[in-house]
Every structure is written in C-alpha cells, then in structure tokens.
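For reference, the chains in residue letters:
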Amino acid sequence: MGTAVKESWNSRLGVILAVSGSAVGLGNFLRFPGQVAQYGGGAFMVAYFISFLLIGLPICWAEWSMGRYGGERGFHTSVGIFNAITKHPLGKYMGVIGIVIPISVYMYYVVIEAWCLGYSVNYLAGRMNFEGASGAGAFFAQFTGIGANGSGLGFGGISQVGFFLLLCFGLNFYLIYRGLSRGIEIFCKYAMPALVILAVVILIRVLTIGTPDPTQPQNSINAGLGFMWNPNKVVLVESTTDVATGEVSLSEKPIFGKAFIEEAEAAAATNPNLEIKRIGIVKQLKNPQLWLAAAGQIFFSLSVGFGIIMTYASYLSKQDDVILSGLAACSANEFCEVALGGLITIPAAVAFLGAAGAVGGTFALGFNVLPMVFDSMPAGGLFGFIFFFLLFLAAVTSSLSMLQPGIAFLESALDINRRQSVAILGFITGMGTLVVVYFSADLKALDTMDFWIGTFLIYIMATIQIIIFAWVMGIPKGFEEASHGSTISIPRIFGPVMKYITPVFLLTIFFFWASENVFGYNLITGESGSTGYGRELFGENPSQVAWLTVSVILLLTGFVYLIVNSSAYFRKNSHKSATEEVKL
Amino acid sequence: MNTGGWIIMLLSVGTVSTLFAWCIYKVLSTPGESEHLHGFEIETPDEKADKESK
C-alpha cells in the first residue's frame, strides 16, 4: 500500500448512525405510506414484518459480517471481500456489481437530493403559493425539466435546479474528502438526530390538524389515519352503463367513518348501481401482489444489496460488534419509516385533499400532493420548508454512503490518495449525472437508471450476498464470524432461514417482479402489458434515451472490470501476513 | 379510523419504537461505547499522508 491512508470509525454509535443514515431516505417518508394505504394497513404490515424477519435482517447481518471479515484482510469493497471469502477469481468479478450499484445510484439520487433542497429553499423564500393541483404540477415540471430534454439544467436562480445540484455535489464530495470519521460520521451524528427532530415537529403538526375544512367532515386526520391503517376496507362500487355501446364500467371509492359508511349503505340500498364491498384482512393477505409490495419495500428501505453496508462494516475490527449494530441500524430505519413516515404523509394528504388526492407514486406524492397540502395549511410555508429540508438531510446521508465504496475501490486498486480518488469519482459521477439531468423529458434517464440499477441489480447483488454468506462461507462459520465482539447473538432459527428461506423468498420475488417489469407480463393476474423496461431496449420502438442510459451503466461496469482485472491488489485473498491470518 | 385500525397502528408503531429504544439503550449501556474504536481522525487522509511524507 502506498499513499492511501487507513480509515476508521470513531465510535459505535457513529457507525450505526451512518448505516441508518444510508438507509433512511425518501422511501421512508413517501414510498412506504403510499404502499400501506394502497394494500390495506393491517394486511400490509403483517407481510411487511414477516419480510423484515425473512429478508431484511438476514441480509443485513450477512453484509455486516462479511464486511468486517473482508476489512480484517485489508479489503473495503465487495470486490475484495467476495474474493477473500470465495478464494476464487469469480468472487472479485461478482463484486464488480457492488461498485457499479452505489456509483450509478449516486448519479441520479443526487438530482433528487437537489430537488429536495430546491423545494425547501423555495418554501423559505415564500415562492411556493399554488392555485390548485395544476400550479404544483407546473412548478415541479419547470423545476425538474420533465417537459423536454435539456430544460432541467438551468442556472436561472432558485426556480431552477442547476444551482442546487452543484451545491449538493460540492457538499457530498467535500464530506467524502474529509474522510470516514471527519466527514460521513460527523455529518450523520448531527444530521440523523436533526432529521428525527424535524420529523417529530411535522408529525405533531399533522396529528393536530383535526378537520381543516368543517364543510367537508369526511376529510380529517382521523379519516387519513383510517385510510392508512384500517385492516378492513369499505369500498363503494358504482357501475355506470354507456348508453351508446352498452358497456358497463365500475368505479371504486373508499369510504371511512361510521357515519359515512352508514350513509353509503343507505344509498346502496336504494340505488341498484351502487354496491358496498368489504375487503377483510385475510382476503387481502391472499393477494400475492401485497406480499411482493411488502417484501420489496423492506428490501429497498433497508438499503441491503447495495454493497454499502459491507464497505462501512469493513472499517470495524474483530472486537467491534456487528450483530447489535446491524439490528440497531435496521431498527432506526424502521422507526423513521413506520413511526414517523407512516403517520405524516398520507394522513395529511387525506385531511386536506380527501382520499382521492392522496394517491400517487413517490414523486407525485412528494412533489405534487404535499405542496398542495402545505399550501392549504396555516404556516404551510414554514412546514413545507421543514419537511423538504428533512427529505434533503435524509437524501444527503444516503448519497454520501454511495460514494464511499467507489472511493475505497479506487484508492486500493489504483494505489492513489484521497485527492486523486475524489477527482476521478467526481468526474465519473459528474458525467453520469449530466446525462440524467439533461435527458429529463418524462424523467426517462432517471427512471431507466433507477430501474436497472436501483432495483434490478440490487436484487442480483442481494442474492449473491446471501448465497456467499450462507453457502460459500457457510452458516456455522458465518455465525461464528458475526459473534466476535458482539453484545447479542443471532438467534439459531436464523441459520436455516438464511440458508434456505431468504434465498428462495428473494428469488421468488425477483422472478415475479422481473416478469412483470422487464417483460411486461404479470404472472399473478396473467395480464400482458404493452410496457416493460426490457421492451424499451429490445421492443419494436426502442427508446434512445433508455439505450444511452444503459450505455452509461455498461461503460462504468467495463471501467471497473478493467481495473479489477489489472490491479495486483485483488490477486491476493488477503493482505495480512501469514501470522496475522492465523490469529484472525 | 376504526378499532382495528387503532390496534394495527399502535402495534406497528409500538413494535418499531420499542425495538429502536431497546437497541439504542443496549448500544449506549455497553461498556466502552464512549471510547473511541480506533482513535479520532483529526486530519483528512490527505493531510495525514502529506505530513507522513515530509
């Protein structure tokens, strides 16, 4: 080793906050509540907690244990760590995925981070006064450049994203340049408690909203909580017949509150076109889509499968705990997701906009629906600023973690110092981000990268991780490795779970998910859609932007592969002397 | 929100909050947590490298 200096964490709480900071992101506050509401509160939570035990915790513990194992042998990325465990050249090539994922995710995640910062600054400047849904939508379209390619990267003041993007890029690389303990750890030590405090402030405000408009008593915070958490759903189904064609179409409207349900029942009794449908928790649990959604939420929320946890854990020594630390990081993420995120977004949206207004994906909910909520709320500007600043903090703690594997890889493989590694990684991610932010029409580049990297490759990486831990390293050795220096033990039941259930569960979900999203065929419903990310590349009308985005990913993969192939650093299974190896 | 909703919400929020609180308590009450794991970095890695090379 030449110029690269060995790094380390400063305290156990610091590493836990850094790992939980990596996991806590937009998904906790925007994606999770939307999923719970869509699939029915009670049933979704049952599937969610089961998935946490069968997928989340096992992969998390595997990552922490393998990371520390590799770190003791002088490796800080998945390339070296897999090489050290498998003792086979194939290991380091599989580890390439663990470098490509975080670097690529950073390329588009920093753009979303810039949106959050931009929104919070615009709230602070008092520029977020909208007149209805179209106003909020127009601002989002202008700010992100969703309308046309090239319109997203502007530097014309705070109403465009360019300035914020530069600021976020600068902040991330400044912190990463400062090193593990002086950069990431210190930032997370302040940012994570600040994030929780801001979320609690917003939570108190939301829970004390009551019924904002007395003329619309069905839109209240109580109805919003019911929309999310009620185990049994009551839906009013209205059938309308087209006079010309004779076709019958059905529309469903969720009903909340005893009085409104009774009112709907009375209406249904007199009107043959209306029908009340009650969907119980057991019936909802029989829906395979619900299980896919719950497992997917756990999987992405905990940030397992990125290779980041392995890198973070590699800076620990054999005396440092990994089992309790892993559990603590997971619990911090779950707390932010269920206890904070689960009580803020959807209930607030229902209280102000009604059940129909509280629907949409992550971006629609966060950047279209919530601004309308803050617009209707007294002192909404202040709370809008707090909420988007909270999202910004959550995003920075995540994006920071995505740079560390790349930095560690470049420094060890090329034997360069921090200035050089920061410059190289800054150039690579800068080019990728430029592609994402330039091809902003329909957020195509961002969406494509998120799909192939942020979802597809992460499934692959997580499957590789659990198989290497449970089958190559082996459960007895893996558990023994994890137990060194640990305050608590992994319960024995997790042995068979990690060996059989987790890989099977993971592969099953991946199979169903890939069938629908890559090939456009839903195996559960049998429906064949006209879309699918695979068809964008190989269908009748391939998307040029999708191809360009995939080319960026392939270029990066080739670059990392070449370095791995030529670097002498990864030709060894360990960088410890024979005596040290025996002691380990 | 109906009774079932309250139960589900309180159980979910209570479970994750209790787990989180227990983990934090366990981490902070473990002897040696306040000690540095490996020593605090007071310089950036490059500053350190520059100093060592001089």
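Residues numbered from 1 in each chain as written. Chains lettered and ligands numbered in written order. Predicted model: local features only at pLDDT ≥ 70, side-chain atom pairs only at ≥ 80, totals over all residues. Heavy atoms only, no water.

Q: Explanation requested: the environment of A:Ala295 in the structure shown.
A: Residue and element names in this part refer to chain A. Relative to the elements of secondary structure, Ala295 occurs in helix H13 (residues 288–301). For Ala295, a relative accessible area of 1% translates into the label buried. Along the chain, Ala295 and Ser331 lie 36 residues apart, while their C-alpha atoms are 16 Å from each other. Those residues in contact with Ala295 that sit more than four places away from it in its chain are Ser51, Ile55, Phe505 and Ile509. (Helix = DSSP H or I, 4+ residues; strand = E, 2+ residues; numbered from the N terminus. Buried < 20%, exposed > 50% of the residue type's maximum accessible area, 1.4 Å probe, protein only. Contact = heavy atoms within 4.5 Å.)

Q: Looking at this structure, how should I read the sheet that holds strand S3 (residues 274–279) of chain A?
A: The pairing of strands in a sheet happens through backbone hydrogen bonds and is either parallel or antiparallel. Residues and elements named next belong to chain A. Ordered in space as S2-S1-S3, the 3 strands form an open sheet in which the pairing is antiparallel. Every other strand in the sheet has two partners, leaving strand S2 (248–254) and S3 as the edge strands with one partner each. Going across the sheet, the axis of each strand differs from the next one's by a mean of 30°, ignoring polarity. As paired strands, strand S1 (residues 233–241) and S2 are joined by 7 bridges and run antiparallel to one another. Looking at the pairing, Ser239 lines up with Leu250 of S2. Contacts from helix H11 (residues 258–270) reach S1 and S3, with the element oriented near 135° to S3. (Pairing = 2+ DSSP bridges. Axes fitted to C-alpha atoms, helices over the stretch in contact; angles between N-to-C directions.)

Q: Just to check I follow, could you spell out the packing of helix H9 (residues 180–207) of chain A against helix H15 (residues 323–353) of chain A for this structure?
A: Geometry of a packed helix pair, given as the angle between the helix axes and the separation of the axes. All names here are of chain A. At a minimum axis distance of 9 Å, the contact between H9 and H15 shows a crossing angle of 40°. Where H9 crosses over H15, the two elements pack in a sense that is left-handed. On H15, the residues touching Leu195, Val196, Ala199, Val200, Ile202, Leu203, Val206 and Leu207 of H9 are Phe335, Cys336, Ala339, Leu340, Leu343, Ile344, Pro347 and Ala348. A breakdown of the residues in the contact of H9 with H15 according to their chemical character gives 16 nonpolar, no polar and no charged. (Left-handed = near helix turned anticlockwise from the far one by under 90°. Nonpolar A, V, L, I, M, F, W, Y, C, P; charged D, E, K, R; others polar.)

Q: Just checking my understanding: could you explain the pairing of S1(A) for this structure?
A: A regular strand places its side chains so that they alternate between the two faces of the sheet. Residues and elements named next belong to chain A. Alignment of S1 against S3, held across 6 bridges, turns out to be antiparallel. Within S3, the residue paired with Val237 across the bridge is Glu275. Between S1 and S2, which pair antiparallel one after the other, the connecting turn spans 6 residues, and Gly246 there sits at a positive phi close to 80°.

Q: Explain helix H18 (residues 418–438) of chain A to me, please; I cannot follow it from the model alone.
A: One turn of an α-helix holds 3.6 residues; hence residues three or four places apart share an orientation. For H18(A), built from 21 residues, the straight-helix expectation of 30 Å at 1.5 Å per residue is met to within 8% by its first-to-last C-alpha distance of 29 Å. Taking the backbone nitrogen of A:Arg419 as reference, a side-chain oxygen 3.2 Å away marks A:Asn417 as the first, capping residue of H18(A). (Expected span 1.5 Å × (residues − 1). Polar contact = N/O pair within 3.5 Å; in protein donor to acceptor, adjacent residues only side chain to side chain.)

Q: Whenever I open this one, the confidence of the model for chain B confuses me. Can you help?
A: Interpretation of the predicted coordinates at a detailed level should be avoided for regions scoring low in pLDDT. Summarising the model, chain B shows a mean pLDDT of 75, and 57% of its residues fall at 70 or more. Across the assembled chains, the prediction reports ipTM 0.85 with pTM 0.87. (pLDDT = per-residue confidence, 0-100.)

Q: Mind showing me how you'd approach the pattern of salt bridges here?
A: It is possible for side chains bearing opposite charge to pair when their charged atoms get close. Residues and elements named next belong to chain A. This model, assessed by the stated rule, comprises 6 salt bridges over all chains. For Glu265, the salt bridge goes to Arg278, with nearest N and O atoms at 2.2 Å. One end of the pair, Glu265, is in helix H11; the other, Arg278, is in strand S3, and 13 residues separate them in sequence. By relative accessible area, Glu265 is classed as partly exposed at 33%. Where Glu411 meets Arg418, a salt bridge forms, and the shortest distance between an N and an O atom there is 2.6 Å. Here Arg418 falls in the buried class, since its relative accessible area comes to 2%. One connected set of salt bridges, linked through shared partners, spans Arg68, Glu72 and Arg73. (Salt bridge = Lys/Arg side-chain N within 4 Å of Asp/Glu carboxyl O.)

Q: Looking at this structure, I do not really get the nonpolar core. What am I missing?
A: For soluble globular proteins, the rule of thumb is that nonpolar side chains tend to be buried together. All names here are of chain A. Residues Trp64, Met66, Trp115, Trp229, Phe387 and Phe409 are the most contacted members of the largest nonpolar core, which totals 215 residues. Top contributing element to this core by residue count: H15, with 20 residues. Beyond its immediate sequence surroundings of up to four residues, Met66 is in contact with Ile81, Phe82, Ile85, Met310, Gln465, Ile468, Phe469 and Met473. Core analysis: the second largest hydrophobic core is formed by 7 residues, Leu236, Ile255, Ala268 and Leu274 among them. (Core = buried A, V, L, I, M, F, W, Y, C linked by side-chain atoms within 4.5 Å.)

Q: Is there a simple way to explain a nonpolar patch on the surface in this structure?
A: All names here are of chain A. Among the surface-exposed residues, Ile467, Trp471, Val472, Tyr500 and Ile501 lie close enough to one another that they form a single nonpolar patch of about 480 Å² accessible area. When residues of the nonpolar patch are traced back to their parent elements, those giving at least two are helix H19 (444–483) and helix H20 (494–517). Broken down by element, the residue count for the nonpolar patch peaks at 3 residues, all from H19. (Patch = residues over 30% accessible without salt bridge, like charges linked within 9 Å, V, L, I, M, F, W, Y side chains within 5 Å. Areas by Shrake-Rupley, 256 points an atom, 1.4 Å probe, with all protein chains shown as cover.)

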